[in-house]
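Here's the letter readout for the chains.
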Amino acid sequence: QVQLVESGGGLVQPGGSLRLSCAASGSIFSLYVMGWYRQAPGKQRELVASITTGGRSNYADSVKGRFTISRDNAKKTVYLQMNSLKPEDTAVYYCNGGLVQGSVGSWGQGTQVTVSS
């Protein structure tokens, strides 16, 4: 069982950057496909980036070329580097994962990202 804590969100101007971190605990983190999700007001949670145990990544079209997901299995941490941020990126960002693509456990509090001038 893996516990996840997101951090790194904040208020940033359009065009700015943030780096989110997801710190995990648990003995099988290295076996998990991990993803970053976001939920904007009035919308369902959506997957924005994922990374496999082998380091292969996938991105939603809306963030391709701007966001980069990475992981450090030794530190049990997943990162999301967000560049060229846009107001439409404003959302609460969550991390989650499981043994197969799309698997999720319980959701944490997430971290708020607000892109505004």
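Here, every reference points to the structure presented above.
What counts, and at which threshold
Residues numbered from 1 in each chain as written. Predicted model: local features only at pLDDT ≥ 70, side-chain atom pairs only at ≥ 80, totals over all residues. Heavy atoms only, no water. Pairing = 2+ DSSP bridges. Helix = DSSP H or I, 4+ residues; strand = E, 2+ residues; numbered from the N terminus. Axes fitted to C-alpha atoms, helices over the stretch in contact; angles between N-to-C directions. Phe/Tyr/Trp six-rings, centres within 6.5 Å; stacked < 30°, edge-to-face > 60°. Buried < 20%, exposed > 50% of the residue type's maximum accessible area, 1.4 Å probe, protein only. Lys NZ or Arg CZ within 6 Å of the ring centre and 35° of its normal. Polar contact = N/O pair within 3.5 Å; in protein donor to acceptor, adjacent residues only side chain to side chain. Contact = heavy atoms within 4.5 Å.

(A) A look at the sheet that holds strand β10 (residues 111-115). Reading across from one edge, β2-β10-β9-β4-β5-β6 is the order of the 6 strands in this open sheet, with mixed pairing throughout. The two strands at the open ends of the sheet, each matched to only one other strand, are β2 (10-12) and β6 (57-59). When the angles between neighbouring strand axes are averaged without regard to direction, this sheet yields 25°. Inspection of the sheet shows strand β5 (residues 46-51) paired to β6 by 3 bridges, in the antiparallel sense. Bridge pairing in β6 links I51 to S57.

(B) Quick look at the packing of aromatic side chains. This model, assessed by the stated rule, comprises 2 aromatic pairs. When the centroid spacing of 5.0 Å and the interplanar angle of 90° are considered together, the rings of Y37 and W107 count as edge-to-face. Taken together, the positions of Y37 in strand β4 (residues 33-39) and W107 in the loop between β9 (91-98) and β10 put the pair 70 residues apart, joining distant regions of the chain. According to the relative accessible area criterion, Y37 is buried, its value standing at 11%. Since its relative accessible area comes to 31%, W107 is described here as partly exposed. Judged by centre distance (5.8 Å) and plane angle (80°), the ring pair of Y94 and W107 falls under edge-to-face. Residue Y94 is located in strand β9, and its partner W107 is located in the loop between β9 and β10; the two are separated by 13 residues in the primary sequence. The class for Y94 is buried, based on a relative accessible area of 11%. Among the aromatic residues, those joined into a ring-pair cluster are Y37, Y94 and W107. The ring of Y94 is capped by R45, whose NZ or CZ atom sits 4.8 Å from the centre of that ring.

(C) Inspection of the sheet that holds strand β3 (residues 18-25) at higher detail. Read from one edge of the open sheet, 4 strands run β1-β3-β8-β7, paired in antiparallel fashion. Either end of the sheet is taken by a strand with one partner, and the two such strands are β1 (3-7) and β7 (67-72). On average, each strand axis in the sheet is tilted by 15° relative to the strand beside it, whichever way the strands run. Alignment of β3 against strand β8 (residues 77-82), held across 6 bridges, turns out to be antiparallel.

(D) Inspection of the pairing of β3 at higher detail. Residues L18, L20, C22 and A24 point to one face of β3 and are all buried, whereas R19, S21, A23 and S25, pointing to the other face, are not buried. Taken together, the 5 bridges between β1 and β3 define a ladder with antiparallel strand orientation. Residue V5 lies in a different strand from β3, and its bridge partner there is A23.

(E) Structural context of the side chain of T77. Tracing the backbone shows T77 in strand β8. For T77, the side chain forms a polar contact with the main-chain oxygen of K75, separated by 3.0 Å. If near-sequence neighbours (up to four positions away) are discounted, T77 is found in contact with S21, C22, A23, F29, S70, R71 and D72.

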